[in-house]
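Residue-level listing of the chains:
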Amino acid sequence: MPETSTARLLEVSDLAVHLPTRDGVVKAVDGISYTLNAGETLGIVGESGSGKSVSCLTVLGLINRDSAQISGRVIYDGSDLLEATESELRMVRGNEISMIFQDPFAGLHPLFSVGDQLVEAIRAHEDVKKRVARERVVELLHEVGIPQAAERFSSYPHEYSGGMQQRAMIAMALINNPRILIADEPTTALDVTVQAQILELIEKIKEELSIGVILVTHDLGVVRDVTQNVLVMYAGRIVEHGSTAAVFAEPKHPYTWGLMESIPLLEVETRDLRAIDGAPPSLIHLPTGCAFHPRCTQAFEGCDKARPELDQTEHHQAACHLARTDRDRIWQERRRRPADASR
Ligand SMILES: Nc1ncnc2c1ncn2[C@@H]1O[C@H](COP(=O)(O)OP(=O)(O)OP(=O)(O)O)[C@@H](O)[C@H]1O
Ligand SMILES: [Mg+2]
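Residues numbered from 1 in each chain as written. Chains lettered and ligands numbered in written order. Predicted model: local features only at pLDDT ≥ 70, side-chain atom pairs only at ≥ 80, totals over all residues. Heavy atoms only, no water.

Asks: Break down the confidence of the model for the protein for me, with residues and values.
Replies: Per-residue pLDDT for the protein averages 90, and the proportion of residues at 70 or more is 93%. Per-element averaging of pLDDT across the protein places helix α11 (residues 324-336) at the bottom with 88 and strand β4 (residues 69-76) at the top with 98. Counting interchain partners and residues more than four positions distant, the pLDDT-below-50 stretch residues 1-5 has six contacts. (pLDDT = per-residue confidence, 0-100. Helix = DSSP H or I, 4+ residues; strand = E, 2+ residues; numbered from the N terminus. Contact = heavy atoms within 4.5 Å.)

Asks: Give a description of the sheet that holds strand β2 (residues 24-37) that names residues and reports values.
Replies: What the four strands build is an open sheet, ordered β2-β1-β4-β5; its pairing is antiparallel. Every other strand in the sheet has two partners, leaving β2 and β5 (79-80) as the edge strands with one partner each. Where β4 meets β5, two bridges bridge the pair, whose relative direction is antiparallel. In the strand pairing of β5, Y76 is matched with S79. (Pairing = 2+ DSSP bridges.)

Asks: An account of the site of ligand 1 is requested, with residue identities and associated values reported.
Replies: Around ligand 1, 15 residues are found, and the nearest of them are S48, G49, K52, S53 and V54. Contact between ligand 1 and G49: an oxygen atom at 2.7 Å from a main-chain N or O atom of the residue. For ligand 1, whose unbound accessible area comes to 640 Å², protein coverage reaches 62%. Elements that contribute at least two residues to the shell around ligand 1 include exactly β1 (8-21), β2 and α1 (52-59). In terms of residues, the shell around ligand 1 owes the most to one element, α1, which gives three residues. Taken together, the residues of the shell around ligand 1 sort by class into five nonpolar, seven polar and three charged. (Near = heavy atom within 4 Å. Polar contact = N/O pair within 3.5 Å; in protein donor to acceptor, adjacent residues only side chain to side chain. Areas by Shrake-Rupley, 256 points an atom, 1.4 Å probe, with all protein chains shown as cover. Nonpolar A, V, L, I, M, F, W, Y, C, P; charged D, E, K, R; others polar.)

Asks: I'd like a description of the pattern of salt bridges, backed by residues and values.
Replies: Under the criterion given, the structure shown has 19 salt bridges. Across the pair E261 and R334 runs a salt bridge, and its minimum N-O distance is 2.7 Å. Taken together, the residues E261 in helix α10 (residues 254-261) and R334 in helix α11 connect sequence positions 73 residues apart. As far as the burial class goes, E261 and R334 line up, both buried. Each of E203, K206 and E207 takes part in one network of salt bridges that share partners. (Salt bridge = Lys/Arg side-chain N within 4 Å of Asp/Glu carboxyl O. Buried < 20%, exposed > 50% of the residue type's maximum accessible area, 1.4 Å probe, protein only.)

Asks: With reference to specific residues and values, describe the sheet that holds strand β6 (residues 97-100).
Replies: Ordered by their spatial adjacency, seven strands build an open sheet running β6-β7-β8-β3-β9-β10-β11, and the pairing between neighbours is mixed. Because the sheet does not close on itself, it has two edges, and the strands there are β6 and β11 (316-318). Averaged over all pairs of adjacent strands, the angle between strand axes in this sheet comes to 15°, irrespective of strand direction. Two strands pair when backbone bridges link them, and strand β9 (residues 229-234) and strand β10 (residues 237-243) are joined in this way by six bridges, in the antiparallel orientation. Within β10, the position partnered with M233 by the bridge is I238. Of the strands in this sheet, β3 (41-45), β9 and β10 touch α10, which is tilted by about 105° from β9. (Axes fitted to C-alpha atoms, helices over the stretch in contact; angles between N-to-C directions.)

Asks: Can you explain the packing of helix α3 (residues 114-125) against helix α6 (residues 162-174)? Please cite residues and give values.
Replies: Two elements in contact, α3 and α6, have axes separated by 9 Å at closest approach and are oriented at 15°. Here α3 is positioned roughly parallel relative to α6, judged by the angle of their axes. In terms of crossing hand, the pair formed by α3 and α6 is right-handed. Each of V114, Q117, L118 and A121 in α3 lies in contact with α6, whose residues at this interface are A168, A171 and M172. (Parallel < 35°, antiparallel > 145°, perpendicular 65-115°, else oblique. Left-handed = near helix turned anticlockwise from the far one by under 90°.)

Asks: Break down unusual backbone geometry for me, with residues and values.
Replies: One non-glycine residue, D77, lies in positive phi territory at about 50°. Along the chain, D77 falls in the loop between β4 and β5.

Asks: Help me get a handle on the nonpolar core, residues and values and all.
Replies: Residues L10, Y34, I97 and I182 are the most contacted members of the largest nonpolar core, which totals 62 residues. Within the second largest apolar cluster, 41 residues are counted, among which are M169, I175, L181 and I202. (Core = buried A, V, L, I, M, F, W, Y, C linked by side-chain atoms within 4.5 Å.)

Asks: Describe the packing of aromatic side chains, naming the residues involved and giving the relevant values.
Replies: Applying the stated criterion across every chain yields a total of four aromatic pairs. Aromatic side chains Y234 and F292 sit 5.0 Å apart centroid to centroid with 80° between the ring planes, which places their arrangement in the edge-to-face category. Pair noted here: Y234 is in strand β9 and F292 is in the loop between α10 and β11, with a separation of 58 residues, a long-range link. You'll find Y234 and F292 in the same group, each marked buried. (Phe/Tyr/Trp six-rings, centres within 6.5 Å; stacked < 30°, edge-to-face > 60°.)

Asks: Outline α11, listing residues and values.
Replies: Look at α11: 19 Å from first C-alpha to last across 13 residues, which is about the 18 Å you get at 1.5 Å a residue. For α11, every residue scored as buried is listed here: R327, I330, W331 and R334. Around the axis of α11, the buried residues are gathered within 100° of arc, so they sit on the same side. Away from its buried face, by an angle of more than 90 degrees, α11 presents the exposed residues T325 and R336. In this fold, the buried residues of α11 make contact with α9 (244-249), α10 and β11. (Expected span 1.5 Å × (residues − 1). Arc of directions from axis to C-beta.)

Asks: Just give me the short version of the side chain of R295, but keep the residues and values in it.
Replies: With respect to the secondary-structure elements, R295 resides in the loop between α10 and β11. Within the structure, the side chain of R295 is placed 3.0 Å from the side chain of E47, a separation counted as a polar contact. Not counting the four nearest positions on each side in its chain, R295 is found in contact with E47, Y234, I276, D277, G278, A279 and P280.

The structure is reproduced here in structure tokens:
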């Protein structure tokens, strides 16, 4: 493999983001570690409120550091982004790591044409003539699949469809050749066919440019289709982490089992789909022990006492008190049994 495709781009260690509020401190992210390599798409999946967005925003320095309590390390290019100054972070955000969000319209200014905004984004970081920047923008709009890119240059965001707006946002994110793209639910607001096209586009870009992609999603089907590795988050922590193939073949955490059984996947297509019982916990008053234990169908005495750590294996880890052999056995049984019987 070429060296670029295995280069470590980002190393997050023990990142915690606690947000003081009037009701108490929200432990939005509570000690997560992962690495991202060039040419890799890392999926982050978990229910609403599990800390996916806050963890990504923190990497980019977009969480207010005056009010939030942030600890851990986010190593990019040899230095810790958590220690970076605001102006250093601005350089990183424009040039090195870029982010696209769920709502593409929110990232575009309504009063300027899409093309002009992209030209300005280039010129904010690079001293190039308008004409040159314009040529580059038209080329990029074409690359991200905007039809008649040259004519579309002068259109305003509201003249673009939702899918085209998201393509324009992707163009905006790529304009200064970043090494990392963070996509936070980039397709949630789009209809299914457009979703697939946007995901394909992100994949294509990742391959061509050998960048690293972090893809945040609710959707395990998306994770299976386009990621190489996956983090499963629950209540601000990673409960399972591994190669996508391994996690789908043999999920090791009861929460991941619940996620898999709640969506139509090949593995479990013959059974009824069902949601995970119960609701995610308050991140102010977390359950003792394993935060998932009140909802866990496998919980036993002790799960409410100590907090489980990720087990120490390199390629596929889970944070669960069940013995690994028991987990393997229970999953094998669950995937074979009809839905009702495993309740
Ligand atoms: N600025 C803030 N102040 C206080 N709490 C916050 C703030 N931003 C987020 N939170 C809380 O932090 C927790 C994690 O939020 P986050 O947005 O990261 O969740 P998420 O996993 O991205 O969810 P979703 O799937 O709904 O986007 C939630 O409980 C949220 O209410
Ligand atoms: Mg979010």
